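Chain by chain, the residues:
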Amino acid sequence: MTGDKKVKVAVVAPFFDNTNTDTVVWLDHFVEDDAYEFHHVPRSKPMPKWHDRKSDLTVFPEWLVYMRQAVNAYRMRPNVVVSLFPQPAAAVGILKRIFPRTRMIAWLFNVGT
């Protein structure tokens with residue numbers, strides 16, 4: 001990274017919502033490099049934890065919440081959007097077609113358990 005310009009990273013995760021963005025701990029809390037500026041992008045409303053749900057399908061109203069969260073990430077004009085888990089990754093990926101210059105990292109883990 002040249003100069004004083006930081007890499008702005010928007011992080012989209014299903015466990016970020018308006019009630020916890022200041023308190024939730026993610027990997028960015030362990031990055032000690034000042035070249036990066038991380039922003040947790042909250043969902044508009046909390047949703048049940050995935051493992052506590054009655055259905056393993058994501059219904060249309062939930063997709064709208066994920067899409068709004070992805071739109072809010074791109075509105076920040078980040079250099080990179082990091083998305084966690086399949087639904088946020090899909091929402092961010094759809095918008096990547098509109099904002100091709102923004103880099104995207106889709107991080108999935110623990111899938112299939």
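Asks: Explanation requested: the sheet that holds strand S4 (residues 103-107) in the structure shown.
Replies: Strands in a sheet are paired, the pairing made by backbone hydrogen bonds, and the direction either parallel or antiparallel. With parallel pairing, four strands are arranged side by side in an open sheet as S2-S1-S3-S4. With partners counted over all chains shown, the strands left at the sheet margins are strand S2 (36-43) and S4, one partner each. The mean angle between the axes of side-by-side strands here comes to 20°, regardless of whether they run parallel or antiparallel. Sheet topology note: the strand S3 (residues 80-84)/S4 ladder contains five bridges and is parallel. If you follow Val82 over to S4, its bridge partner there is Ile105. Of the strands in this sheet, strand S1 (7-17), S2 and S3 touch helix H1 (residues 60-75), which is tilted by about 150° from S2.

Asks: Can you walk me through the side chain of Asp28 in this structure?
Replies: You can see Asp28 is positioned in the loop between S1 and S2. At 12 Å, Lys6 is the nearest oppositely charged side chain to Asp28, a buried residue that forms no salt bridge. A polar contact is formed between the side chain of Asp28 and the side chain of His40, at a distance of 3.0 Å. Discounting chain neighbours no more than four positions away, the residues touching Asp28 are Phe38 and His40.

Asks: Can you walk me through the pattern of salt bridges in this structure?
Replies: Should the charged atoms of two oppositely charged side chains come close, the side chains can pair. Under the criterion given, the structure shown has one salt bridge. Ionic pairing is found between Arg43 and Asp17, a salt bridge with its closest N-O pair at 3.9 Å. Residue Arg43 is found in strand S2, and its partner Asp17 is found in strand S1; the two are separated by 26 residues along the sequence. Taken individually, Arg43 and Asp17 each receive the classification buried, so the pair is uniform in this respect.

Criteria and thresholds
- Residues numbered from 1 in each chain as written.
- Predicted model: local features only at pLDDT ≥ 70, side-chain atom pairs only at ≥ 80, totals over all residues.
- Heavy atoms only, no water.
- Pairing = 2+ DSSP bridges.
- Helix = DSSP H or I, 4+ residues; strand = E, 2+ residues; numbered from the N terminus.
- Axes fitted to C-alpha atoms, helices over the stretch in contact; angles between N-to-C directions.
- Contact = heavy atoms within 4.5 Å.
- Buried < 20%, exposed > 50% of the residue type's maximum accessible area, 1.4 Å probe, protein only.
- Lys, Arg positive; Asp, Glu negative; His and termini not counted.
- Salt bridge = Lys/Arg side-chain N within 4 Å of Asp/Glu carboxyl O.
- Polar contact = N/O pair within 3.5 Å; in protein donor to acceptor, adjacent residues only side chain to side chain.

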